[in-house]
Structure formats: structure tokens, C-alpha cells
Amino acid sequence: AAIPSGLRDPLWSFIRKESMKRITLTVGATSVGCPGHGGWAYILRYGQHSLDRSGGSSDVTKGRMELQALLEGFKAIKEPCDVVLFSESQHLVDGLTGWRKEWRLTLFTRLRVQSHLPLADGDLWEELDPLAEKHFLAGKCVRRLSGDQDMERCLALAEAQAVLHGAVPTWSSL
């Protein structure tokens, strides 16, 4: 459920955030071809506990797989939390922590002078929006090969999923 407007003022936000669990969400994705077969993975961490999941699909882009990892990660969080996102995609971090609010106002399209252009993967952003809205969010871009163990594990899981989905014929390969 969305946060009532009365609870969005700074004092209530501070009190609410201080009582929340702090969770890290690391997401990774890959795609072989554009579009091609791809994989996604996420790792959730809270204290000593962790949860990782992965999946994949055919005929997708890496951007779509990154968003899918983020969406699946948020689906796994069962209560409002203070969430810190780690991703190798600055676009994903910026979209989650800032642009998403603007896109909501334009019904997940890109507003131009004379027309609305479709937002790439707008359907996933629209599905993600209410899930992300219940949390306090921060994000950090982590580069591939930076030594971050969770990012390296996410990318390895995503690459394994891309290989699994590579044997499936795609529309682009027909």
C-alpha cells in the first residue's frame, strides 16, 4: 500500500525509516545479442541472511533483464524496508531513485513537445512502481570486475541462465 500523505513529512519519514530493516539488493543481468537470450539474478541481504534467485528468457535485451531482476527482487521483499540497490546500470539506479516519479506522471511514456513516445520497457517500470513506492530507496552503480562479490555472483547466475535459455529458438533467430 502507498504511504499516506500525512506520513510523508520529514519527521515521520525519519522515524519510519529508523524503524525499518536495511536491506541491500544487488541485481545483475546479461543478454547474448540484442535482442537475444538473456538472464537475470538478484541477491537480497539483511544482516547475516541472504537470498538469491535467477531466471532468464529468450528474445530480450539486457535492459529488460536488469529490470526483471529488480522487479523480482522487490517482489521478494515482504514489508516496507530501507533498500539500497547495487547495479552495474546507472540507468536502472537513476530510473528507480528519480526518473520513475516523472514517468509515473506521463503514464510511463517519454513526453516530447508534440507526442508521447513509448518508454523502453515501460510495462516493467509500471509494474515495479507500486512495489518500489513502499520502500525508502537509495542506489549505487557498481562496475563489473570491481571486486564486489555479490555483483560477481549475480552476473555469474545471470550468465548461466542466458546459456540455459540460449537453446530455445527466438523470434529474432527465425
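Residues numbered from 1 in each chain as written. Predicted model: local features only at pLDDT ≥ 70, side-chain atom pairs only at ≥ 80, totals over all residues. Heavy atoms only, no water.

Novice: Explain the overall build of the protein residue by residue, including any values.
Specialist: Looking only at helices and strands, the protein has 5 helices and 7 strands in total. A burial count over the protein gives 40% of its 174 residues as buried. As displayed, the protein has an accessible area near 9800 Å², and 56% of this comes from carbon and sulfur atoms. (Helix = DSSP H or I, 4+ residues; strand = E, 2+ residues; numbered from the N terminus. Buried < 20%, exposed > 50% of the residue type's maximum accessible area, 1.4 Å probe, protein only. Areas by Shrake-Rupley, 256 points an atom, 1.4 Å probe, with all protein chains shown as cover.)

Novice: Got a sec to walk through the sheet that holds strand β4 (residues 82–87)? Specific residues and values, please.
Specialist: Read across the sheet, 5 strands follow the order β3-β2-β1-β4-β7 without closing on themselves; strand pairing throughout is mixed. Of all strands in the sheet, those bounded by a partner on one side alone are β3 (49–60) and β7 (136–141). When the angles between neighbouring strand axes are averaged without regard to direction, this sheet yields 20°. Note that strand β1 (residues 22–33) and strand β2 (residues 36–46) share 10 bridges and pair antiparallel. Bridge assignment links V32 to a residue of β2, and that residue is H37. Each of β1, β2, β3, β4 and β7 touches helix α2 (residues 62–76); the most contacted strand, β2, lies at about 30° to it. (Pairing = 2+ DSSP bridges. Axes fitted to C-alpha atoms, helices over the stretch in contact; angles between N-to-C directions. Contact = heavy atoms within 4.5 Å.)

Novice: Can you explain unusual backbone geometry? Please cite residues and give values.
Specialist: Excluding glycine, residues mostly carry a negative phi; peptide bonds, for their part, are mostly trans. Cis geometry is adopted by the peptide bond preceding P35, which originates at C34 and carries an omega value of -5°. Counting through the fold element by element, P35 comes out in the loop between β1 and β2. Although it is not a glycine, L107 sits at a positive phi angle of roughly 55°. One non-glycine residue, D121, lies in the positive phi region at around 60°. Looking at where D121 falls in the secondary structure, it is placed in the loop between β6 (116–118) and α4 (122–133).

Novice: I'd like a rundown of the packing of aromatic side chains, residues and numbers included.
Specialist: Within the structure shown, the criterion is met by 3 aromatic pairs. By the ring-pair criterion, three or more aromatic residues cluster together here, those being W99, W103 and W125. Its guanidinium or amino end placed over the ring of Y46, K21 lies 5.2 Å from that ring's centre, counting from NZ or CZ. (Phe/Tyr/Trp six-rings, centres within 6.5 Å; stacked < 30°, edge-to-face > 60°. Lys NZ or Arg CZ within 6 Å of the ring centre and 35° of its normal.)

Novice: Just give me the short version of α4, but keep the residues and values in it.
Specialist: Look at α4: 16 Å from first C-alpha to last across 12 residues, which is about the 16 Å you get at 1.5 Å a residue. Buried within α4 we find G122, L124, W125, L128, D129, A132 and E133. Buried residues of α4, viewed axially, fall in a sector of 145°; they line one side. Buried residues belonging to α4 abut α2, α3 (90–105) and β7. (Expected span 1.5 Å × (residues − 1). Arc of directions from axis to C-beta.)

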